[in-house]
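Remarks on the overall topology
This is what each chain is made of:
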Amino acid sequence: MSKNSSRTAYLFLATVVIVSSGAFYYHYHTRSEPHQCSYEDPKICEDECVNGNLLSCFHLAELYYSGKGKEQDYQLAKHYHQINCFRGHSSSCARLVNWYQAGIGVNKSSEISNFFLEESCRLNDYQMCFELAQKIAKEGTEHLVESLSFHEKACKGNFEASCQNLFTARQKLLEQCENNNYQSCYHLGMLYSQGIGLTTDFELATTYFRIACRENISASCNQMGMMFQLPQKEFLDLEKASRLFQKACEAQNAHGCENLGLMYYNGEGVTQDLKKSVDLFGKACLLQSGKGCFYAGYVYAPQEKVSALTDQEKSLEYYKKSCEFGYGSGCFNLAYLYHDSKNS
């Protein structure tokens, strides 16, 4: 299961858990100034948890896990921590990270552990943001910018180890780019364009993207094309953008194919051509882009105005591939189109 599809599945689980715990949801929104229980008061913990006190729910989950004051029950411990995590208690998310990572009281699952790791970071547990950044960095240099974005969040939360990692990474990228490591130039462009560990600077970002693109780093050509789509007059140049997307696509960069396809679909910077757009989306799909498959499915889908490209069978096929690649909108449109075809 891909990272996106795993996240979709567990967001669905979150909805199921919260809806099935209606009393918890109701009291959470109606009770004012709840007091927290202590580990020595299992009955109070239970009462306060039902009344929406998240810290008491955390304590109650720990009691069920340890068997202190309550009969040991890993399933109930997991249940209360899940509810707590989905309601915004980062410590419960962190517990679930560790349990699923080590298989403590639950079936071991790195995917589920990673999901709760992301939730912990989203809830501003900066140590978890640091751990998430470290984990992503191990997946390879293509994930460097994503990793540093989480270090950036942790650093803003004064987590010193992440600040140090950001500084070290930036210095290393500068040295490597100066020594003609063009992948590092591309990464510098990404940092400047997104303001990760550096002040956002579109001019410097474009400079670094240009260096890397000239050396056939396709992702850099695509990013540089996007810079020329910025509305600021010093950047906006749709003809340049289309040429750069073309270069990226020819180098088998799925995002370049998607972006060029969108330009042909909308007639921006190029003459509108739906056939070219769907061919480009199809190529992106072949390169395993869920978004590319989704766009192709959209062009082929029945619209209010029927076009020569309308083909419900092809639309279903592309939406199915989009969903399989973990693109949530593809799953939604697949279900909608399938339902519509059954009732037509």
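Computed from a prediction, not measured in an experiment: that's the story for all the values here.

Scanning the protein chain for helices and strands turns up 19 helices and 0 strands. Looking at the 344 residues of the protein chain, the share that counts as buried comes to 45%. Residue pairs at least 24 apart in sequence account for 44% of intrachain contacts in the protein chain once pairs closer than 6 positions are excluded. Split by element, the accessible area of the protein chain, about 18,200 Å² in all, is 50% carbon and sulfur.

Below, the discussion takes up the state of the cysteines. Under the counting rule described, the total for this entry stands at 9 disulfides. Disulfide pairing is shown between cysteine 249 and cysteine 257; the S-S distance is 2.1 Å. Disulfide cysteine 249-cysteine 257: the torsion about the S-S bond is 95 degrees, which places it as right-handed. Take cysteine 257: its relative accessible area is 0%, and that puts it in the buried class.

For the rest of this paragraph, the subject is the packing of helix α11 (residues 182-194) against helix α13 (residues 218-227). Running from N to C, α11 and α13 cross one another at 30 degrees; their axes reach a closest spacing of 10 Å. As summarised for this structure, α11 and α13 are arranged roughly parallel, according to the angle between their axes. Of the two possible hands of crossing, α11 and α13 adopt the one that is left-handed. In this structure, α11 uses Tyr186, Met190 and Ser193 to contact α13, whose residues at the interface are Ala219, Ser220, Gln223 and Met227. Residue composition of the contact of α11 with α13, grouped by class: 4 nonpolar, 3 polar and no charged.

Looking now at the confidence of the model for the protein chain. Overall, the prediction assigns the protein chain a mean pLDDT of 86, with 86% of residues at 70 or greater. For the stretch residues 1-34, pLDDT sits under 50, and the model shows 50 contacts to residues farther than four places along the chain or on other chains.

Right, let's get into the environment of alanine 205. Position of alanine 205 among the secondary structure elements: in helix α12 (residues 202-214). The class of alanine 205 is buried, set by a relative accessible area of 0%. Note: C-alpha distance between alanine 205 and glycine 189 (16 residues apart in sequence) is 4.0 Å. Leave out the neighbours within four places in its chain, and alanine 205 touches Gly189, Tyr192, Ser193 and Met227.

Running from N to C, helix α4 (residues 54-66) and helix α5 (residues 74-86) point in directions that differ by 160 degrees, and their axes come no closer than 7 Å. For the element pair α4 / α5, the angle class is roughly antiparallel. Remark: the crossing between α4 and α5 carries left-handed chirality. Where α4 approaches α5, its residues Leu54, Cys57, Phe58, Leu60, Ala61, Glu62, Tyr64 and Tyr65 are matched on the opposing element by Tyr74, Leu76, Ala77, Tyr80, His81 and Asn84. Across the contact of α4 with α5, the residue classes break down as 11 nonpolar, 2 polar and 1 charged.

Another aspect to go through is the pattern of salt bridges. On inspection of all chains with the given rule, the structure shows 7 salt bridges. When the shortest N-O distance is used, the salt bridge between lysine 70 and glutamate 46 registers 2.7 Å. With lysine 70 in the loop between α4 and α5 and glutamate 46 in helix α3 (residues 42-50), the pair connects residues that are 24 residues apart, well separated along the chain. Assessed through its relative accessible area of 24%, glutamate 46 is described here as partly exposed. Lysine 321 serves as the salt-bridge partner of glutamate 317, at 3.7 Å between the closest nitrogen and oxygen. Residue glutamate 317 and its partner lysine 321 are both found in helix α18 (residues 312-324); the two are separated by 4 residues, about one turn of the helix.

Here we take up helix α17 (residues 290-300). Most of α17 is tucked away: 9 of the 11 residues are buried. When we look at burial in α17, the residues that qualify are Gly290, Gly292, Cys293, Phe294, Tyr295, Ala296, Gly297, Val299 and Tyr300.

Right, let's get into the packing of aromatic side chains. This model, assessed by the stated rule, comprises 17 aromatic pairs. Summarising the aromatic geometry, the rings of tyrosine 100 and phenylalanine 116 are spaced 6.1 Å apart at their centres and angled 15 degrees between planes, so their arrangement reads as stacked. Highlighted residues: tyrosine 100 in helix α6 (residues 90-102) and phenylalanine 116 in helix α7 (residues 110-122), separated in sequence by 16 residues. Centroid distance phenylalanine 281 to tyrosine 295: 5.0 Å. Interplanar angle 45 degrees. Geometry classified as tilted. With phenylalanine 281 in helix α16 (residues 274-286) and tyrosine 295 in helix α17, this residue pair connects regions lying 14 residues apart in the sequence. Comparing phenylalanine 281 with tyrosine 295 shows no difference in burial state: the two are buried.

Conventions adopted
Residues numbered from 1 in each chain as written. Predicted model: local features only at pLDDT ≥ 70, side-chain atom pairs only at ≥ 80, totals over all residues. Heavy atoms only, no water. Helix = DSSP H or I, 4+ residues; strand = E, 2+ residues; numbered from the N terminus. Buried < 20%, exposed > 50% of the residue type's maximum accessible area, 1.4 Å probe, protein only. Contact = heavy atoms within 4.5 Å. Areas by Shrake-Rupley, 256 points an atom, 1.4 Å probe, with all protein chains shown as cover. Disulfide = S-S within 2.5 Å. Axes fitted to C-alpha atoms, helices over the stretch in contact; angles between N-to-C directions. Parallel < 35°, antiparallel > 145°, perpendicular 65-115°, else oblique. Left-handed = near helix turned anticlockwise from the far one by under 90°. Nonpolar A, V, L, I, M, F, W, Y, C, P; charged D, E, K, R; others polar. pLDDT = per-residue confidence, 0-100. Salt bridge = Lys/Arg side-chain N within 4 Å of Asp/Glu carboxyl O. Phe/Tyr/Trp six-rings, centres within 6.5 Å; stacked < 30°, edge-to-face > 60°.

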